[in-house]
Amino acid sequence: MSWITLTTTSFRWEAELMQQLLAAHEIPARIVDLGIASYFGAGSATALQVLPEHQQTASLLISPIEEDSSQ
């Protein structure tokens, strides 16, 4: 089974929050640690991965909401 990296972040809690959002929509996701935990609580690099068939939906779910600029 191959996984696709959807996004990377410096804070594991961000990846966990996105993973919970995807789980609420029944999209399987996993978090992969990319490095050693940094010093002084600055976080460690993590990747959020999904299965290829869920990539497009997952990307839409975790992307920022665009504001309507026509007003």
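Reading guide: rules and limits
Residues numbered from 1 in each chain as written. Predicted model: local features only at pLDDT ≥ 70, side-chain atom pairs only at ≥ 80, totals over all residues. Heavy atoms only, no water. Patch = residues over 30% accessible without salt bridge, like charges linked within 9 Å, V, L, I, M, F, W, Y side chains within 5 Å. Areas by Shrake-Rupley, 256 points an atom, 1.4 Å probe, with all protein chains shown as cover. Salt bridge = Lys/Arg side-chain N within 4 Å of Asp/Glu carboxyl O. Helix = DSSP H or I, 4+ residues; strand = E, 2+ residues; numbered from the N terminus. Buried < 20%, exposed > 50% of the residue type's maximum accessible area, 1.4 Å probe, protein only. Phe/Tyr/Trp six-rings, centres within 6.5 Å; stacked < 30°, edge-to-face > 60°. Axes fitted to C-alpha atoms, helices over the stretch in contact; angles between N-to-C directions. Parallel < 35°, antiparallel > 145°, perpendicular 65-115°, else oblique. Left-handed = near helix turned anticlockwise from the far one by under 90°. Contact = heavy atoms within 4.5 Å. Nonpolar A, V, L, I, M, F, W, Y, C, P; charged D, E, K, R; others polar. Polar contact = N/O pair within 3.5 Å; in protein donor to acceptor, adjacent residues only side chain to side chain.

Asker: Could you give me a rundown of a nonpolar patch on the surface, with the residues and numbers involved?
Answerer: A surface patch of nonpolar side chains, amounting to about 340 Å² of accessible area, comprises Phe-11, Trp-13 and Leu-17. Note that Leu-17 resides in helix H1 (residues 12-24).

Asker: Now, about the pattern of salt bridges: what can you tell me, with residues and values included?
Answerer: Two side chains of opposite charge can pair, provided their charged atoms sit close to one another. Scanning the entire structure with this criterion turns up two salt bridges. One salt bridge connects Arg-12 with Asp-33, and the closest N-O pair in it is separated by 2.7 Å. Placement of Arg-12 in helix H1 and of Asp-33 in strand S2 (residues 29-33) is noted, with a sequence separation of 21 residues between them. Given the relative accessible area of 47%, Asp-33 is considered partly exposed. Here the salt bridges do not stand alone but share partners, grouping Arg-12, Glu-16 and Asp-33 into one network.

Asker: With reference to specific residues and values, describe the packing of aromatic side chains.
Answerer: Under the criterion given, the structure shown has one aromatic pair. Between Phe-11 and Trp-13, the aromatic rings sit 6.4 Å apart at their centres with planes inclined by 35 degrees, giving tilted as the arrangement. In this structure Phe-11 comes out as partly exposed when scored by relative accessible area, which is 33%. Its relative accessible area of 55% is what places Trp-13 among the exposed residues.

Asker: Run through the packing of H1 against helix H2 (residues 55-62), naming residues and quoting values.
Answerer: One way to put it is that H1 packs onto H2 with a least axis distance of 10 Å and a crossing angle of 120 degrees. Judged by the inter-axis angle, H1 sits oblique to H2. For H1 against H2, the interelement crossing comes out right-handed. Here Met-18, Leu-21 and Leu-22 of H1 come into contact with H2, specifically with Ala-58, Leu-61 and Ile-62. For the contact of H1 with H2, the class distribution of residues is six nonpolar, no polar and no charged.

Asker: Would you mind going over the side chain of Gln-49 in detail, with residue names and values included?
Answerer: Note on placement: Gln-49 falls in strand S3 (residues 46-50). Among the residues examined, Gln-49 registers a relative accessible area of 10% and is labelled buried. Within the structure, the side chain of Gln-49 is placed 3.1 Å from the side chain of Thr-5, a separation counted as a polar contact. Leave out the neighbours within four places in its chain, and Gln-49 touches Trp-3, Ile-4, Thr-5, Leu-6, Pro-28, Ala-29, Arg-30 and Val-32.

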